[in-house]
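So the chains spell out like this:
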Amino acid sequence: MNGTSVIDVGRRPAIRRRTLSRSLRGGLKGGEYTWAVAFVVPYIAVFLTFVAYPVVYGLWMGSEASLYRELFADPIYQSTVVNTILYLALGVNVKMFLALLLSGFFMRPGWWMKALLLIFVLPWAVPQISTFISIHWMLNGEWGFLNNVLYALFHIEGPSWLNDRWSALGAVIVSHIWKWTPFWTLILLAGRMAIPLEISDSAKVDGATGMRGFVHITFPLLANLYLICTLLSTIFLLGDFNAVNFVSGGGPANSTHVLATLGIRNAFEIAQPRLGVAAVMSALPLVIPLVIILMRKLRTSEVQI
Amino acid sequence: MSLARVSGGSVLRTRSRLRRVLIEVSSLVLVVALLVWSLTPVYNMLLIALDPDEGDIEFEGIIWPPNPSLHSFHAVVTQGYWLVEDFWRQFGNSFFIGLMTMFLTVLIGSLASFALGRTRLRQSWLLANAPLVTYAVPTSFLVIPFTRLMASYDLSNTLWAIVAANVTFAAPYAILILRQYATLIPIELDQAAWVDGASPVQVYRRIYLPLMTPALAAVGTFALLLAWNEYVYQYVLLSSTRNMTVAVAIAQFFNSDEAPLNYMMAAALIYSLPPIVIFYALRRYMAAGLTRGALKG
């Protein structure tokens, strides 16, 4: 193969670059650039039609100040903001912390750990709609599985979990944690596995085992990945509709909505699309900084999901 | 343990053995807790689906099926109830959306990642960042303007509208993963082909695609699972029974008062099977796709 000579030359960068640029210009007569553009065109088309245009359209729909006055005066919106903050704070952090701990647990060797991991990722593999509906019925006050178990084991009559704002919101948060902990555990597990063995081995020799090894060796190496996962997870959770919609349905009495479900309720159930867009857009002060930090992080560290 | 080694005292040795036993016991407890935690909602689906009664069901005090029956599965599979009378057609719709999403995501993602990662377009900051921007726009935030647009393109109530939405959100992830994975393939291979006079299309087809197969499989699976999990766009855009997907049909079940729960859960379980099968069949590829990119540099 002729290619071997190119690879050999590759050891000397200056010469390689000249050979390459000559071959590109000579061999392709400048057509490469055109081809490269043609290859990105499908994605650019998707981006412009389905991302850029709707975003601009949405900004235009939600550009009237009076919308926000109406929205902020709405008591449902006020409780929605509180719910969204709680959902983000607890949902993201508890989940990521659990994932961090469990990823360490799954580092243990043995076939049964692998088998356990396969069962552990089941919540992620089962479609959201199926499991969230199941959790909804599980929490039914009269005949739900949870209360049946509580009665069978402890003779406790459990409450109607979804009829109270705080327990319903708690149920949504726990459902979210249940659904997504496996995914982030796998990501962090991959991150832990990518730590070179020599580092953890020499740390052990130096006496950094257990908690100390984690604080001084493992976590500093994982910190960047953990931060990026947290940022991404926050963005994903902000757009999450299914957990709230199926577990609590926004109820009781619209007290457990989050911004995503409230936006869709306003737009499609009470047919006020502009008010829906306004609800969604009121999250922009949070989303924009998140996106900027995330883009910086992803570019500088080359960590990705 | 290091203490025991240093002093060699028997008290310390028993203490370290005790500690080891404690660790084993607590990890066993953790294992059981994880199993219960992971399986309970799935078990609950099965419990309700195996109930033989139609209509009102009394589950008072039941934590396992007293007389399990496959009746509800039979009813769903044979479409023997008005809410499931188009079940297989809806299943086909879900499959169509899933497969099209997968195909288009892999196609668009691989083309774009090839251009962005392996040609002179590499220097284009704007193009490289566009996928990241999408990645950062929450899915259900776009749904309202998106619906308006689909209505103006005359695509409301079509499966293609759903495919478009799914591809929009799956493609950025695909491009990120593929670009990362492509860094493992030596650029010299491409250069050799350029020197031999290969066209970009040939380099893409003969070198890039074959070597990228594991990552393409990971990305395709991801797209399929995304499509299978997606509900908001389907709920908002699909209105006629024949164009509905299983997800929307199950939600309709969920929202109607007199619907038999066992049928609903049977339908939900059948709907869950394809992603579970695909997930476990392709998990090696998924792991490759995830781990290769998870921590670099």
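Predicted model only: the values in this text are computed from it and were never measured.

**As for the confidence of the model for chain A**
- With 86% of its residues at a pLDDT of 70 or more, chain A has an overall mean of 80.
- The least confident element of chain A is helix α1 (residues 3-9) of chain A, whose mean pLDDT is 34; the most confident is helix α5 (residues 75-105) of chain A, at 92.

**Description of the domain arrangement of chain B**
Residues and elements named next belong to chain B.
- Once the domains are mapped, chain B shows domain 1 (2-76) and domain 2 (82-294).
- Residue-level contacts link twelve residues of domain 1 with twelve residues of domain 2.
- Broken down by secondary-structure element, the contributors of at least two residues to the side of domain 1 that touches domain 2 are α2 (10-49) and α3 (71-77).
- Tallied by class, the residues present in the side of domain 1 that touches domain 2 amount to eight nonpolar, two polar and two charged.

**Observations regarding the interface of chain A and chain B**
- With 83 residues of chain A at the interface, the matching set in chain B holds 86 residues.
- Per-element accounting of the side of chain A that touches chain B gives the leading share, 18 residues, to helix α3 (residues 31-61) of chain A.
- Class assignment for the residues of the side of chain A that touches chain B results in 62 nonpolar, 19 polar and two charged.

**What about the packing of helix α8 (residues 128-138) of chain A against helix α13 (residues 261-281) of chain B?**
- The contact between α8(A) and α13(B) brings their axes to 9 Å, and the two run at 150 degrees. When the interaxial angle is binned, α8(A) and α13(B) end up roughly antiparallel. With respect to the hand of their crossing, α8(A) and α13(B) are arranged in left-handed fashion. Contacts between α8(A) and α13(B) involve A:S130, A:I133 and A:W137 on the former and, on the latter, B:L261, B:A268, B:L269, B:Y271 and B:S272.

**Quick look at the nonpolar core**
All names here are of chain B.
- Of all hydrophobic cores here, the largest spans 167 residues; its most connected members are A174, V219, I250 and A267.
- The dominant element in this core, judged by the number of residues it contributes, is helix α7 (residues 159-182), at 18 residues.
- If near-sequence neighbours (up to four positions away) are discounted, A174 is found in contact with T105, V106, G109, V219 and A223.

**Brief notes about the environment of B:T213**
- Locating B:T213 in the fold gives a position in helix α10 (residues 213-229).
- Sequence spacing of B:T213 and B:L18 is 195 residues, and the spatial spacing of their C-alpha atoms is 50 Å.

The rules behind these values
- Residues numbered from 1 in each chain as written.
- Chains lettered and ligands numbered in written order.
- Predicted model: local features only at pLDDT ≥ 70, side-chain atom pairs only at ≥ 80, totals over all residues.
- pLDDT = per-residue confidence, 0-100.
- Helix = DSSP H or I, 4+ residues; strand = E, 2+ residues; numbered from the N terminus.
- Domains from an automatic or database assignment.
- Contact = placed C-beta atoms within 7 Å.
- Nonpolar A, V, L, I, M, F, W, Y, C, P; charged D, E, K, R; others polar.
- Axes fitted to C-alpha atoms, helices over the stretch in contact; angles between N-to-C directions.
- Parallel < 35°, antiparallel > 145°, perpendicular 65-115°, else oblique.
- Left-handed = near helix turned anticlockwise from the far one by under 90°.
- Core = buried A, V, L, I, M, F, W, Y, C linked by C-beta atoms within 7 Å.
- Buried ≥ 20, exposed ≤ 12 C-beta atoms within 10 Å, placed from the backbone.

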